Amino acid sequence: MPHDHHYDPLPDTELRVRALESILVEKDLVDPAAIDLLVETYETKIGPRNGAKVVAKAWTDPEYKKRLMENASAAIAELGFSGVQGEDMVVVENTEGVHNVVVCTLCSCYPWPTLGLPPVWYKAAPYRSRVVRDPRSVLLEFGTELPASTEIHVWDSNAELRYLVLPQRPSGTDGMSVEQLEELVSRDSMIGVKLADMPA
Amino acid sequence: MAALTAEVVPGLVSGGASARVTDSDLASKFAVGDKVRMKNINPTTHTRLARYVRGKEGVVNMHHGVFHFNDVVAHHGEGHQNCYSVKFTMRELWGEGYSATDYVYIDMFDDYIEKLS
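Residues numbered from 1 in each chain as written. Chains lettered and ligands numbered in written order. Predicted model: local features only at pLDDT ≥ 70, side-chain atom pairs only at ≥ 80, totals over all residues. Heavy atoms only, no water.

## Things to note about the pairing of strand E3 (residues 151-156) of chain A
Consecutive side chains of a regular strand alternate in pointing toward one face of the sheet and then the other. Of all 6 residues that make up E3(A), 5 are buried, and the element is covered over most of its length. Inspection of the sheet shows strand E2 (residues 98-103) of chain A paired to E3(A) by 6 bridges, in the parallel sense. From the neighbouring strand, A:Val101 faces E3(A), where its bridge partner is A:Val154. Sheet topology places E3(A) next to strand E4 (residues 103-109) of chain B; 4 bridges connect them, and they run parallel. (Buried < 20%, exposed > 50% of the residue type's maximum accessible area, 1.4 Å probe, protein only. Helix = DSSP H or I, 4+ residues; strand = E, 2+ residues; numbered from the N terminus. Pairing = 2+ DSSP bridges.)

Okay, structure coming up:
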């Protein structure tokens, strides 16, 4: 008689995380409250809305944009965003003729203070291996079609620099406030797989 | 007491630890605009020399400064080198049929690079 339990087995990753957590806690290396706080921090405080503030300020304040392009880490820290995985930032600007996109082919390096933790696809082998070889097709899969005349520049953050894309400001946004502009800036547009959203 | 407590989390998250070496007098070996080739070496230990650029020719695009050298630090050693952004065409990396006007930029340390005359 088979067991009549309807429990789904835990996915491998979750099992591994639970095993690691329990052993670290049992050995008194990690306080569970620290894990809760880390999760809460990256769920509610540190994420792509930070990066959107950087982008909207750069769109509306030419002096700020100049500082951002010259010393990105310092200019981003002006807005209060700094720390782990954002210590040494480089901002790359999309223009009429150049579109930038960021990857880490070796693992999953990503600018945490401005974008939060990376999405699963960013860490997955298909994105990492394909975007350095055929970025145009990868961008199409994200719904981003660029003119053939636009150069695509792929940035592999394989060392200690972390890259943030400054998307182009969409047309038809002249009268918009900084807060309204922030709403047009998605996480994906700052990785470079999409453009900034058009105003509704 | 646990090594990682809730009290230390905010400092850890907001502080970070830059790998940049600010007090080094190490001269840069390559200049922006230099034509360079990545060495075709195959370390069995940690390296940031991605396989797909080994033996490939590009141009130095930016000098980032001096950073801890991951290949050594990963094995508990100490060392630092200049780090540069090097630009390659898709055609150089992937061959015929790939774009000569789309590019990959990757961050390379002194030891990975040789200058083309």
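So that's the structure; there's more coming.
## Looking at the layout of surface pockets
As a volume, the largest pocket reaches approximately 360 Å³. What lines the largest pocket is simply A:Val17, A:Leu20, A:Glu21, A:Leu24, A:Ile35, A:Leu38, A:Val39 and B:Leu4. Contributions of two or more residues to the lining of the largest pocket are made by helix H1 (12-26) and helix H2 (32-45) of chain A. Among the elements that take part in the lining of the largest pocket, H1(A) stands out by supplying 4 residues, more than any other. (1 Å grid on protein atoms, 1.4 Å probe; cavity = no way out; pocket = protein on both sides within 12 Å on 5 of 7 lines; lining within 4 Å. Points joined across faces, edges and corners; volume = space filled by probe spheres on them.)

## Details of the domain arrangement of chain A
Under the domain assignment used here, chain A contains domain 1 (12-44) and domain 2 (47-191). Distance between the C-alpha centres of domain 1 of chain A and domain 2 of chain A: 30 Å. (Domains from an automatic or database assignment.)

## Observations regarding the side chain of B:Arg54
All names here are of chain B. Inspection of the secondary structure puts Arg54 in the loop between strand E1 (35-38) and strand E2 (57-68). Among buried charged residues, Arg54 stands out as having no salt bridge; its nearest opposite-charge side chain is Asp71, 7.9 Å away. Reaching out from Arg54, the side chain makes a polar contact with the side chain of Asn42 at a distance of 2.8 Å. Beyond its immediate chain neighbours, meaning those up to four positions away, Arg54 contacts Met38, Lys39, Asn40, Ile41, Asn42, Pro43, Thr47 and Leu49. (Lys, Arg positive; Asp, Glu negative; His and termini not counted. Salt bridge = Lys/Arg side-chain N within 4 Å of Asp/Glu carboxyl O. Polar contact = N/O pair within 3.5 Å; in protein donor to acceptor, adjacent residues only side chain to side chain. Contact = heavy atoms within 4.5 Å.)

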